[in-house]
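# Breakdown of the fold
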2 protein chains.
Amino acid sequence: MILADIGNSYIKVYQKGAVRSFEVSEGLKRYGSERVYYISVNNNYTDIPKNWTDIAEKIELDTSYLGLGIDRKAVCMAVTDGVIVDAGSAVTVDVMQNGVHLGGYILPGMQAMMGAYHSISPKLAVTLNPNVELGVLPQNTKDAVNYAIISSIKSMIQTTARGKIYFTGGDGKFLSKLFENSIYDETLVFQGMMKGLEC
Amino acid sequence: MILADIGNSYIKVYQKGAVRSFEVSEGLKRYGSERVYYISVNNNYTDIPKNWTDIAEKIELDTSYLGLGIDRKAVCMAVTDGVIVDAGSAVTVDVMQNGVHLGGYILPGMQAMMGAYHSISPKLAVTLNPNVELGVLPQNTKDAVNYAIISSIKSMIQTTARGKIYFTGGDGKFLSKLFENSIYDETLVFQGMMKGLEC
């Protein structure tokens with residue numbers, strides 16, 4: 001079975017336990033003749049192959065949250081208890097308890113944060129340094145910005161953390177290293193999709 | 001004595017205990033014939049009246065921080081022990097201990113954060129709501145964004161807090177209400193300037 005998670009720019013394809021990422025048009029073409037179960041955050045794609053099946057209606061998350069994106073739903077479905085952090089262009093943080101979604105919030109991703117500093121002043125347009133020292137107060141502008149970006153994401157997740165923290169997404173691996181009780185898993189969204197498909 | 005703090009867009013003028021704010025060109029014109037002691041974050045103003053005195057060299061803060069802005073220095077000089085939060089287009093957070101500046105960091109201000117969300121997706125371009133409920137996990141996108149903005153600033157300041165927290169700047173009054181051990185004071189920068197002038 002092949003699963004696909006279609007985003008705004010990229011498509012992630014899951015096959016035999018491995019995840020591959022492609023630009024959307026390339027992924028649709030490459031797997032065009034395969035039987036694929038997919039979800040998509042974007043309904044504007046008109047060239048999805050006919051033998052692909054949208055499984056959005058199978059992704060049923062127990063939640064009161066209005067307007068939760070289909071990919072975020074799938075990621076949450078993969079976890080029964082814990083905090084789920086999907087760190088990409090945005091960083092979504094969601095809480096699951098006994099299979100119920102309790103709510104969540106959205107931080108800007110690290111690149112978007114950099115853009116925010118740049119919009120305030122060119123002086124704050126420093127280089128991203130994810131390895132900035134978090135144990136001491138910054139002593140220059142570059143560190144002051146990087147410390148704030150990384151520390152604010154970290155302290156928010158810490159405030160929310162109940163038990164295990166599951167990380168996924170492009171910056172998930174890096175962020176997971178800031179926590180002891182963390183797991184990084186790039187297949188979370190596909191685990192949720194498989195749960196929906198009951199396989 | 002009249003004091004002025006010249007920023008990139010506005011000038012704040014302190015006279016007889018009161019603070020007034022003007023667009024830079026208007027402030028320079030209005031107080032053009034007065035004797036004014038000032039600091040300026042921007043060295044590009046060519047029309048500063050001749051009877052105004054730049055007191056930047058009097059603002060001597062004990063710090064290892066390289067490139068601390070003159071206004072941030074002055075604000076810190078006003079406090080011997082505590083955390084100083086200047087919440088404007090950026091939110092600077094600095095720590096003073098026994099009159100020594102231990103370091104600090106820079107968060108994007110609330111408007112710049114909104115811009116960051118907008119840059120990620122139009123779906124995240126919600127209305128700013130500083131009164132979002134912080135005690136419960138958000139249940140929709142608008143709350144998810146506002147909760148993240150306010151909570152991330154709050155949790156960062158909490159992480160840094162040692163003793164009293166001094167707030168100043170446009171959003172300082174609002175943010176100060178999120179903390180019990182806080183003081184809002186729009187005159188901090190002028191107190192620092194007066195300390196520099198030894199008056």
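Structure first, text after, so check above.
The following paragraphs examine the structure supplied in this document.

Conventions we followed
- Residues numbered from 1 in each chain as written.
- Chains lettered and ligands numbered in written order.
- Predicted model: local features only at pLDDT ≥ 70, side-chain atom pairs only at ≥ 80, totals over all residues.
- Heavy atoms only, no water.
- Pairing = 2+ DSSP bridges.
- Helix = DSSP H or I, 4+ residues; strand = E, 2+ residues; numbered from the N terminus.
- Core = buried A, V, L, I, M, F, W, Y, C linked by side-chain atoms within 4.5 Å.
- Buried < 20%, exposed > 50% of the residue type's maximum accessible area, 1.4 Å probe, protein only.
- Contact = heavy atoms within 4.5 Å.
- Salt bridge = Lys/Arg side-chain N within 4 Å of Asp/Glu carboxyl O.
- Buried area = accessible area lost by both parts, 1.4 Å probe.
- Polar contact = N/O pair within 3.5 Å; in protein donor to acceptor, adjacent residues only side chain to side chain.
- Least-squares fit on C-alpha atoms with pLDDT ≥ 70 in both.

### Observations regarding the sheet that holds strand E8 (residues 90-97) of chain B
Each strand in a sheet pairs with its neighbour through backbone hydrogen bonds, running either in the same direction (parallel) or in the opposite one (antiparallel). Residue and element names in this part refer to chain B. The strand order across the open sheet built from 6 strands is E6-E9-E8-E7-E10-E11, with neighbouring strands paired in mixed fashion. Where the open sheet ends on each side, the last strands, each with one partner, are strand E6 (62-63) and strand E11 (182-184). Relative to E11, strand E10 (residues 165-168) runs parallel, the two sharing 3 bridges. Each bridged residue has a counterpart across the sheet, and for Ile165 the counterpart in E11 is Ser182.

### Points about the nonpolar core
Ranked by internal contacts, the top residues of the largest apolar core, which has 112 residues, are Tyr105 of chain A together with Tyr105 of chain B. In this view, Tyr105 of chain B contacts Leu137, Pro138, Ala144, Tyr147 and Ala148 of chain A together with Arg72, Val91, Thr92, Val93, Met156, Ile157 and Thr160 of chain B; residues no more than four positions away in its chain are not counted. By size, the runner-up hydrophobic cluster in this structure holds 13 residues, among which are Ala4, Ile11, Tyr38 and Ile48 of chain A.

### A closer look at the pattern of salt bridges
Pairs can form between side chains of opposite charge once their charged atoms are near each other. Residues and elements named next belong to chain B. This model, assessed by the stated rule, comprises 6 salt bridges over all chains. Between Asp5 and Lys12 there is a salt bridge; the shortest N-O distance is 3.9 Å. Two residues, Glu26 and Arg30, come together in a salt bridge whose shortest N-O distance is 3.3 Å. On the criterion of helical spacing, the pair formed by Glu26 and Arg30 is a turn pair, its members being 4 residues apart in helix H1 (residues 24-30).

### A word on the interface of chain B and chain A
In this assembly, 40 residues from chain B lie in contact with 40 residues from chain A. Between chain B and chain A, roughly 2900 Å² of surface is buried when both sides are summed, and carbon and sulfur atoms account for 67% of that area. When the buried area of chain B at its contact with chain A is split by residue, Ile106, Leu137 and Gln139 of chain B rank highest and sum to 20% of it. Along the contact surface separating chain B from chain A lie 0 salt bridges. The tally of links from chain B across to chain A stands at 15 residue pairs in polar contact (both at pLDDT 80 or more). Counting residues per element, the side of chain B that touches chain A draws most heavily on helix H4 (residues 141-160) of chain B, which supplies 11 residues.

### Thoughts on helix H2 (residues 70-77) of chain A
Residues and elements named next belong to chain A. In terms of burial, H2 is largely enclosed, as 6 of its 8 residues are buried. The complete set of buried residues in H2 reads Ile70, Arg72, Ala74, Val75, Cys76 and Met77. Considering only its buried residues, H2 is in contact with strand E4 (36-40), strand E7 (82-87), strand E8 (90-97), strand E9 (100-108), strand E10 (165-168) and helix H6 (188-197).

### A look at the relation of the copies chain B and chain A
When chain B is brought onto chain A, the operation consists of a screw motion whose angular component is 180° and whose axial shift is 0.0 Å, with 0.0 Å RMSD remaining. The superposition of one copy onto the other is thereby described by a two-fold rotation axis. Of the residues that chain B buries at the interface, 100% are likewise interface residues in chain A, meaning the two copies contact each other through the same surface.

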